[in-house]
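For reference, the chains in residue letters:
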Amino acid sequence: MLMPSQLFDEETEQALKEIFKTFSRPVKDYLVVLSLKEAMEHTHEHEHEHEHHHHHHASFSLKPAVVEECPTCGEAWMLATELSKISSGALSFEVVEKQNAKDLRPRYLPAFIYGSSGLNIRYYGLPSGQEFAPFIYVHQYIATGEVKLSSKVKEVVESVDTPLHVKIFVTPECPYCPIVVDYFNQMALVNKQIWVETIEAIELPYEADLYGVQAVPYVTINKMEDYDEYGAEPVEIIPGYVPPEQASRVLARAERKIKRGDTSGKK
């Protein structure tokens, strides 16, 4: 007899099961945490802290190049465990400690690195609130091999042949963020040259502060060679919501700038 879910109400659990039934192949993500032992120990501690979520994380001074804090690794591990159980293995997670994750190149912790063939789509932080839906949908796109982008958008995205690093800054309560995250995730599935990272900016404020992000969604498009440089100057910026047609054109424009050596983010 399966225990009822600790994280989801019955209705959500049923909805998730319906989505997992559509998977034509299993998907395996990587979840990178600081330390597995710590994640498992902190799981219960954090259940009580969740009400103070926003204030709790803002006070961490994060050194992201050597991420030394991972306040939500316990909750991320718990989420991974629950989803593996609810999906009956259609979605599974290989939990990797940071010290063994160099090849995966996580820039923050916890890092959910989705199981697409390019491993080029990730979520940093806890995918809670509005961000939970695109987190689930991306697995459905990977498992079914289908995306919902229009053929026009696909065509523009497929034409990009320069590696681009897209950073999407979000917060759990932002209503437009999941739409932007969802279509950029699909773009990265269509074209492995595009690396897409979603960064939960309340939990992981370091880079959002460097970019002076005042409102979300906020997207920077960077050169891939600047991947390890936090706050690297973007080639293009999308402040606020734009539809996928416009976002795909900005990707194409970023590529043109890089090709002609004009990589300043200024218009």
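Basis of the calculations
Residues numbered from 1 in each chain as written. Predicted model: local features only at pLDDT ≥ 70, side-chain atom pairs only at ≥ 80, totals over all residues. Heavy atoms only, no water. Helix = DSSP H or I, 4+ residues; strand = E, 2+ residues; numbered from the N terminus. Buried < 20%, exposed > 50% of the residue type's maximum accessible area, 1.4 Å probe, protein only. Patch = residues over 30% accessible without salt bridge, like charges linked within 9 Å, V, L, I, M, F, W, Y side chains within 5 Å. Areas by Shrake-Rupley, 256 points an atom, 1.4 Å probe, with all protein chains shown as cover. Salt bridge = Lys/Arg side-chain N within 4 Å of Asp/Glu carboxyl O. Core = buried A, V, L, I, M, F, W, Y, C linked by side-chain atoms within 4.5 Å. Contact = heavy atoms within 4.5 Å. Disulfide = S-S within 2.5 Å. Lys, Arg positive; Asp, Glu negative; His and termini not counted. Polar contact = N/O pair within 3.5 Å; in protein donor to acceptor, adjacent residues only side chain to side chain.

Draft legend 1. Inspection of unusual backbone geometry at higher detail. With an omega of -10°, the peptide bond running from Leu109 to Pro110 counts as cis. By the element assignment, Pro110 lies in the loop between β2 (91–97) and β3 (111–113). For the peptide bond that leads from Val216 to Pro217, omega is 0°, which places it in the cis range. Looking at where Pro217 falls in the secondary structure, it is placed in the loop between α8 (206–210) and β7 (218–223). You will see that Ser88, though not glycine, has its phi angle at about 50°, which is positive. Residue Ser88 is classed as exposed on the basis of its relative accessible area of 67%. Backbone geometry places Leu119, a non-glycine residue, at a positive phi of 45°. Structurally, Leu119 can be placed in the loop between β3 and β4 (121–124). On the basis of relative accessible area, Leu119 is assigned to the partly exposed category, the value being 25%.

Draft legend 2. Representation of a nonpolar patch on the surface in the model. On the surface, Tyr176, Ile179 and Tyr241 cluster together to form a nonpolar patch covering roughly 290 Å² of accessible area. Mapped onto the elements, Tyr176 comes out in the loop between β5 (164–170) and α7 (177–190).

Draft legend 3. Just the nonpolar core, in detail. In terms of nonpolar packing, the biggest core is built from 80 residues, with Leu83 and Phe184 touching the most fellow members. Among the elements that line this core, the one with the most residues is α7, at seven residues. The contact partners of Phe184, leaving out residues within four places of it in the chain, are Val166, Ile168, Val196, Val219, Ile238, Ala247 and Leu251.

Draft legend 4. Inspection of the state of the cysteines at higher detail. Applying the stated criterion to the full structure yields two disulfides. The residue that forms a disulfide with Cys70 is Cys73, at a sulfur-sulfur distance of 1.8 Å. Here Cys70 and Cys73 share a disulfide; its torsion about the S-S bond, 90°, makes the bridge right-handed. Given a relative accessible area of 8%, Cys70 falls into the buried group. Residue classification places Cys73 among the buried positions, given a relative accessible area of 3%. Each sulfur of the disulfide joining Cys174 and Cys177 lies 2.1 Å from the other. Torsion about the S-S bond of the Cys174 and Cys177 cystine: about 95°, corresponding to right-handed handedness. Each member of the pair, Cys174 together with Cys177, is buried. Sequential numbering of the bridged cysteines in the protein gives the disulfide pattern 1-2, 3-4.

Draft legend 5. View of the side chain of Arg122. As for its position among the elements, Arg122 is in strand β4. This buried residue, Arg122, is left without a salt bridge; Glu197 holds the nearest opposite charge, at 4.8 Å. Of note is the side chain of Arg122, whose polar atom sits 3.2 Å from the side chain of Tyr227. Excluding anything up to four places from it in sequence, Arg122 contacts Leu104, Arg105, Pro106, Phe112, Ile113, Tyr114, Trp195, Val196, Glu197, Thr198 and Tyr227.

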